[in-house]
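As a plain string of letters, each chain reads:
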Amino acid sequence: NLHARHLKSETLGVLSLARVVVACIGWIIIGRVSSSMVRAATVTSVVGAAVKRQHLTLIGPPGSGKGTYGKLLAKALGGTLVTCSDILKHEIAQNTDIGQAVADCQRRGVLADDTLVTTAVHSHLQQLVTSKERTSESSSSQQYSQQQSQTRVGFILDGFPRTVNQAQIMSNDWEEELQVPVAVRLHVPDDICLQKMMGRRLCRSCGGSFNIANVNGGGFVMPPTLPTITDDDPEEYCASGKCDWDANWYTRPDDTLVICQQRIDEFHAETAPVLEYYEQYGSLLKFIPFHGVQDMHILEHMVKHNLKHEQTKSVLQTK
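Residues numbered from 1 in each chain as written. Predicted model: local features only at pLDDT ≥ 70, side-chain atom pairs only at ≥ 80, totals over all residues. Heavy atoms only, no water.

Draft legend 1. A look at the overall build of the protein chain. Of the regular secondary structure elements, the protein chain holds 11 helices and 10 strands. By the burial criterion, 35% of the 319 residues in the protein chain qualify as buried. Put simply, of all contacts in the protein chain between residues at least 6 apart along the chain, 73% involve residues at least 24 apart. (Helix = DSSP H or I, 4+ residues; strand = E, 2+ residues; numbered from the N terminus. Buried < 20%, exposed > 50% of the residue type's maximum accessible area, 1.4 Å probe, protein only. Contact = heavy atoms within 4.5 Å.)

See the structure below:
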């Protein structure tokens, strides 16, 4: 009897130990599954955040080609070019309160106040975001959204922020979805910018914008951008086919040597510090267009690489 009771006790002990082992294995499996689920949820969340559009601004002296590169970059990456001067002109044309204030500044020959400019740009960007949300259900908008999610490029700003104060107002007061954390510096020497500004020509016939400057020096080779008879290159296409240099081309009234040099000096005094601001608080990229628009592929690669880097950094920070 004692022997039987001893065997029964040992058997019960083994069974109890087995239950404990099974329970432990079960908890380990559940723990691993739960951890995997959490990691999967985290990755999904990060990927979802990664497709959020990122905005950038082009900063460079007058004549560096911000408008041209901005249009080409927006077309290549599915972004939307937003030009600060066009926003202010629209406000003036609509005779809004902001427009009246900006017009008054122009009459007095002074630059518009930073708060005024940031308010106008902020309002315009809000309208663009609202407009895109309303049309997101259309097929074309869905295709546009898919392209945006792949490149993650949103607005490409030209001419904003112009001052450190404007950048600070944006950083402190604007909502996160409108922040512009990346700046691309167009590094073009002053003498090249002067040549490009003095070479600008507008056409009364087709409304096109061309440039007769033939830049070749200091490592920069930028041939003239003249009208073509085909629409293979929209930047140089003459819609009317009647671009006559002598009859239809003219220069902007403010494209004089004195005024152009004054604009460049103002850039170095006011806007150049914005580059330091982005270098310290944001992300600053440097693009040297030695061959003008022929180097667009370099700019595209640079922006895409930065977006990919920011996505990786976001994932690491989330982890």
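Draft legend 2. Spotlight on the environment of P181. Within the secondary structure, P181 sits in the loop between α7 (164-173) and β4 (182-186). Overall, P181 belongs to the partly exposed group, its relative accessible area being 34%. In sequence terms P181 and T57 are 124 residues apart; their C-alpha atoms lie 8.4 Å from each other. Apart from residues no more than four positions distant in its own chain, P181 is found in contact with Q54, H55, Y278, G282 and S283.

Draft legend 3. Focus on the packing of α7 against helix α10 (residues 257-281). At a minimum axis distance of 8 Å, the contact between α7 and α10 shows a crossing angle of 35°. In contact with V164, A167, Q168, M170 and S171 of α7, α10 contributes P273, V274, Y277 and Y278. Its residues placed into classes, the contact of α7 with α10 shows seven nonpolar, two polar and no charged. (Axes fitted to C-alpha atoms, helices over the stretch in contact; angles between N-to-C directions. Nonpolar A, V, L, I, M, F, W, Y, C, P; charged D, E, K, R; others polar.)

Draft legend 4. Spotlight on the sheet that holds strand β6 (residues 209-211). One open sheet accounts for three strands, arranged β6-β5-β9; its pairing is antiparallel. Two strands in the sheet have a free side with no partner beyond their single neighbour: β6 and β9 (249-250). Pairing of strand β5 (residues 200-203) with β6 involves three bridges; the strand directions are antiparallel. Bridging across to β6, R201 finds its partner in F210. (Pairing = 2+ DSSP bridges.)

Draft legend 5. Local environment of the pairing of strand β1 (residues 54-59). In terms of residue burial, β1 counts as a mostly covered element, since six of its six residues are buried. Of the two faces of β1, the one holding Q54, L56 and L58 and the one holding H55, T57 and I59 are both buried throughout. Here four bridges tie β1 to strand β3 (residues 153-158), and the two strands are oriented parallel to one another. Looking across to β3, one finds that Q54 is bridged to V153.

Draft legend 6. Highlighting helix α4 (residues 97-107). Listed as buried for α4 are I98, G99, V102, A103 and C105. Taken around the axis of α4, the buried residues stretch over an arc of 155°, which confines them to a single face. Those residues of α4 that are exposed and aimed more than 90 degrees away from the buried face are D97 and R107. Of the residues trailing α4, G109 is marked for its positive phi of about 70°. (Arc of directions from axis to C-beta.)

Draft legend 7. Representation of helix α2 (residues 66-77) within the structure. Spanning 12 residues, α2 covers 16 Å between terminal C-alpha atoms, matching the ideal 16 Å at 1.5 Å per step. Turning to α2, its buried residues are K66, Y69, G70, L73, A74 and L77. The arc that holds the buried residues of α2, viewed along the axis, is 130°, so those residues lie on one side. Two residues or fewer past α2, G78 is found with a positive phi of approximately 75°. (Expected span 1.5 Å × (residues − 1).)

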